[in-house]
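Observations on the model geometry
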Amino acid sequence: VLARPRFAAMKLIRERLGLSTTAIGFTLGKRDHTTCISGLRRAEYLHEYDADWRQRYDAALAELESAGEP
């Protein structure tokens, strides 16, 4: 249930902040960098093939941008 929001968080952190997979993993509960690599791949897949997930991700990104977040 929490995996898809975590994938979105990984994608947002990577794209907006440019953190390494090691840093992302530590930030999201001390996960291994290989877990982050897998999560980022899954996020890319979902963004391409799951319209509902893409819409929610893009809405969250727009909300962050309108709030002036990096």
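Our subject is the structure that appears above.
First things first, this report covers the structure right here in the doc. (Residues numbered from 1 in each chain as written. Predicted model: local features only at pLDDT ≥ 70, side-chain atom pairs only at ≥ 80, totals over all residues. Heavy atoms only, no water.)

**Overview of helix H4 (residues 51–66)**
Taking 1.5 Å per residue, 16 residues should reach 22 Å; H4 reaches 22 Å between its end C-alpha atoms and fits that length. Listed in full, the buried residues belonging to H4 are Trp-53, Tyr-57 and Leu-61. Projected onto a plane normal to the axis of H4, the buried residues spread over an arc of 65 degrees and lie on a single side. Exposed and facing more than 90 degrees away from the buried side of H4 are Gln-55, Arg-56, Glu-63 and Ser-66. The inward-facing, buried residues of H4 abut helix H1 (3–17) and helix H3 (33–49). Where H4 starts, the residue carrying a side-chain oxygen 3.1 Å from the main-chain nitrogen of Asp-52 turns out to be Asp-50. Of the residues trailing H4, Gly-68 is marked for its positive phi of about 80 degrees. (Helix = DSSP H or I, 4+ residues; strand = E, 2+ residues; numbered from the N terminus. Expected span 1.5 Å × (residues − 1). Buried < 20%, exposed > 50% of the residue type's maximum accessible area, 1.4 Å probe, protein only. Arc of directions from axis to C-beta. Contact = heavy atoms within 4.5 Å. Polar contact = N/O pair within 3.5 Å; in protein donor to acceptor, adjacent residues only side chain to side chain.)

**Digging into the side chain of Asp-50**
The residue Asp-50 is located in the loop between H3 and H4 in this model. A polar contact is formed between the side chain of Asp-50 and the backbone nitrogen of Asp-52, at a distance of 3.1 Å. Polar contacts involving the side chain of Asp-50 include one to the main-chain amide nitrogen of Trp-53, which spans 3.0 Å. Non-local contacts of Asp-50, meaning those with residues more than four positions away in its chain, are made with Arg-4 and Tyr-45.

**Let's talk about the nonpolar core**
Nonpolar side chains tend to gather and get buried jointly when the protein is soluble and globular. Formed by Phe-7, Ala-8, Leu-12, Ala-43, Leu-46, Trp-53, Tyr-57 and Leu-61, the largest nonpolar core amounts to eight residues. Among the elements of the structure, H1, H3 and H4 are those that each provide at least two residues to this core. Here Leu-46 is in contact with Arg-4, Phe-7 and Trp-53, once residues within four sequence places are set aside. With five residues, the next largest nonpolar core counts Met-10, Ile-13, Ile-24 and Cys-36 among its residues. (Core = buried A, V, L, I, M, F, W, Y, C linked by side-chain atoms within 4.5 Å.)

**Re the pattern of salt bridges**
Enumeration over the complete set of coordinates arrives at five salt bridges. Residue Glu-65 pairs with Arg-16 through a salt bridge whose shortest N-O separation is 3.2 Å. With Glu-65 in helix H4 and Arg-16 in helix H1, this residue pair connects regions lying 49 residues apart in the sequence. Since its relative accessible area comes to 33%, Arg-16 is described here as partly exposed. Residues Asp-52 and Arg-56 are paired through a salt bridge, measuring 3.2 Å at the closest nitrogen-oxygen approach. With Asp-52 and Arg-56 both in helix H4, this residue pair falls four residues apart, about one helical turn. For Asp-52, a relative accessible area of 43% corresponds to the partly exposed category. For Arg-56, a relative accessible area of 59% gives the class exposed. (Salt bridge = Lys/Arg side-chain N within 4 Å of Asp/Glu carboxyl O.)

By themselves, these are just geometric observations and shouldn't be taken as functional.
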